Amino acid sequence: SDAGVQQRPITVALVDLDASDEFIELVKSALLAALEALPPGSLFGLVTFSHKIGLYDVQGDVAVVKNVPIVSSGLAEDKLE
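Residues numbered from 1 in each chain as written. Predicted model: local features only at pLDDT ≥ 70, side-chain atom pairs only at ≥ 80, totals over all residues. Heavy atoms only, no water.

*Asks:* What exactly am I supposed to notice about the pairing of strand β2 (residues 43-49) here?
*Replies:* On any regular strand, side chains alternate: one points to one face of the sheet, the next to the other face. Inspection of the sheet shows strand β1 (residues 10-16) paired to β2 by 7 bridges, in the parallel sense. Counterpart to I10 in the pairing with β2 is L43. In the classification by handedness, the crossover that spans β1, the intervening helix α1 (residues 21-37) and the parallel β2 is right-handed. Here 4 bridges tie β2 to strand β3 (residues 52-57), and the two strands are oriented antiparallel to one another. Looking at β3, one finds that T48 is bridged to G54. Linking β2 to β3, which pair antiparallel, is a turn of 2 residues. (Pairing = 2+ DSSP bridges. Helix = DSSP H or I, 4+ residues; strand = E, 2+ residues; numbered from the N terminus. Right-handed = clockwise from strand over helix to strand, strands pointing away.)

*Asks:* Is there a simple way to think about a nonpolar patch on the surface in this case?
*Replies:* There is a patch of nonpolar side chains on the surface, built from I10, V12, L14, L43 and F49 and spanning about 480 Å² of accessible area. No other element matches β1, which puts 3 residues into the nonpolar patch. Structurally, V12 can be placed in strand β1. (Patch = residues over 30% accessible without salt bridge, like charges linked within 9 Å, V, L, I, M, F, W, Y side chains within 5 Å. Areas by Shrake-Rupley, 256 points an atom, 1.4 Å probe, with all protein chains shown as cover. Salt bridge = Lys/Arg side-chain N within 4 Å of Asp/Glu carboxyl O.)

In structure tokens, the structure reads:
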């Protein structure tokens, strides 16, 4: 039984980087505002996509990204950068 365990909210943002610089700046501002509004203890994930998919780990002082290239037949297997 999980009755005594408090669930932590999970938020995942998906961002299309194939956009204008102005739009990306708007998205960045919106994401920063959303992060500030999250309740303490919330989990947050960031995924970006364009010609590759970026999976971000934002838990530390510096964000770490792992990129997966997209090839014409789909995602490249075992190509995590």
